[in-house]
Amino acid sequence: MKVGFIGMGIMGTPMVLNLIKAGHQLWVHGRRPESMQPLADASAIACASSQMVAENADVIFVMVSDTPDVEQVILGENGVIHGAKAGSVVVDMSTISPTVTKAIAAQLGARGVEMLDAPVSGGDVGAVNGTLSIMVGGKPEVFERVKPLFEAMGKNIIHIGGNGAGQVAKACNQIVVGVTIQAVAEALTFARKNGVDAAKVRDALMGGFAGSKILEVHGKRMLDHDFKPGFKTRLHQKDMNIVMQTAREVGLALPGAALVMQNLNALMGTGDGEIDSAAIVKVVERMSGM
């Protein structure tokens, strides 16, 4: 399949390599020309613009940072919409606003171009290993057409519903992740404040109903105070901002998510935007005089 991919970051680059390994011809574009070189070396064709990618591909993937970036890549000057052919498919794998996703899908649809929103979970490790969880919104028949490409990048691939449903599912993922990080941070700090070995408490909890991937991975980061990112605080803050904005639009109370948002804001305020969001424990420790 003739495939385009826009966004050569920590996620996009290994995803492109997995598509190449699956036997597809790739046209790629990144903001930094040097980011495209490793992919050009692996047989991808480097393009000067998003429009040029769209002119050559039947399916165009987008993997960039935030809602305004997606709008610019797809709808802006030299954007995908100016090069995409009727019948082609734009697949946005970024994490952005569900509301904006629906609006972009409508603009593409008016030109006969289909759209899927397909945000992912699994981080850079999942991108490298091709084991991402992919949550997809859009028409079922378009999903089935693109599914073989998703299978080159992920393992848990679920069609959720119409346009925007994938982004809603990703927001749900971030709520569960964020609130669970908060809970683990509070639990381990509670143990330490009471003079108990927090590492042994974590081991005990891992064998019971409180056990989780967050307790396993982020709990270890908290114990070691090793906040080398997996998932940077600034990106988690961005995602939780999408959650809170969407909740406001639909009139929904999310008190746990709101607390997580404030603690991520606190980390940003202390210059900790580039470290892993497990550093929420630092906010809890500071408030506890530790």
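Structure shown above.
Now for a quick tour of the structure. Computed from a predicted model, the values in this text were never measured in an experiment.

What counts, and at which threshold
Residues numbered from 1 in each chain as written. Predicted model: local features only at pLDDT ≥ 70, side-chain atom pairs only at ≥ 80, totals over all residues. Heavy atoms only, no water. Core = buried A, V, L, I, M, F, W, Y, C linked by side-chain atoms within 4.5 Å. Buried < 20%, exposed > 50% of the residue type's maximum accessible area, 1.4 Å probe, protein only. Helix = DSSP H or I, 4+ residues; strand = E, 2+ residues; numbered from the N terminus. Contact = heavy atoms within 4.5 Å. Arc of directions from axis to C-beta.

1. Here's the deal with the nonpolar core
Grouped together as the largest cluster of nonpolar side chains are 34 residues, with contacts concentrated most on Phe 5, Phe 61, Val 91, Met 93 and Phe 150. Breaking this core down by element, the ones donating at least two residues are β1 (2-6), α1 (12-21), β2 (25-29), α2 (33-41), β4 (59-62), β5 (89-92), β8 (132-137) and α7 (140-150). Ranked by the residues each element gives to this core, the list is headed by α7, at five residues. Apart from the residues within four sequence positions on either side, Phe 5 is in contact with Gly 12, Met 15, Val 16, Leu 19, Leu 26, Trp 27, Val 28, His 29, Val 53, Phe 61, Met 63 and Met 153. In this structure, Ala 198, Met 240, Leu 267 and Ala 279 belong to the second largest nonpolar core, which totals 27 residues.

2. Quick notes on α2
Residues Ser 35, Met 36 and Leu 39 constitute the buried set of α2. Taken down its axis, α2 places every buried residue within 90 degrees of arc, on the same side. α2 presents Pro 33, Glu 34 and Asp 41 as exposed residues on the side facing more than 90 degrees away from its buried surface. Following α2 by one or two positions, Ser 43 has its phi on the positive side, about 105 degrees.

3. Some points on the side chain of Asp 272
Looking at where Asp 272 falls in the secondary structure, it is placed in the loop between α12 (255-269) and α13 (280-287). Judged by its relative accessible area of 12%, Asp 272 falls in the buried class. In this structure, Asp 272 is in contact with Thr 233, Leu 267 and Lys 282, ignoring residues within four places of it in sequence.

The values are spatial; any link to function lies outside them.
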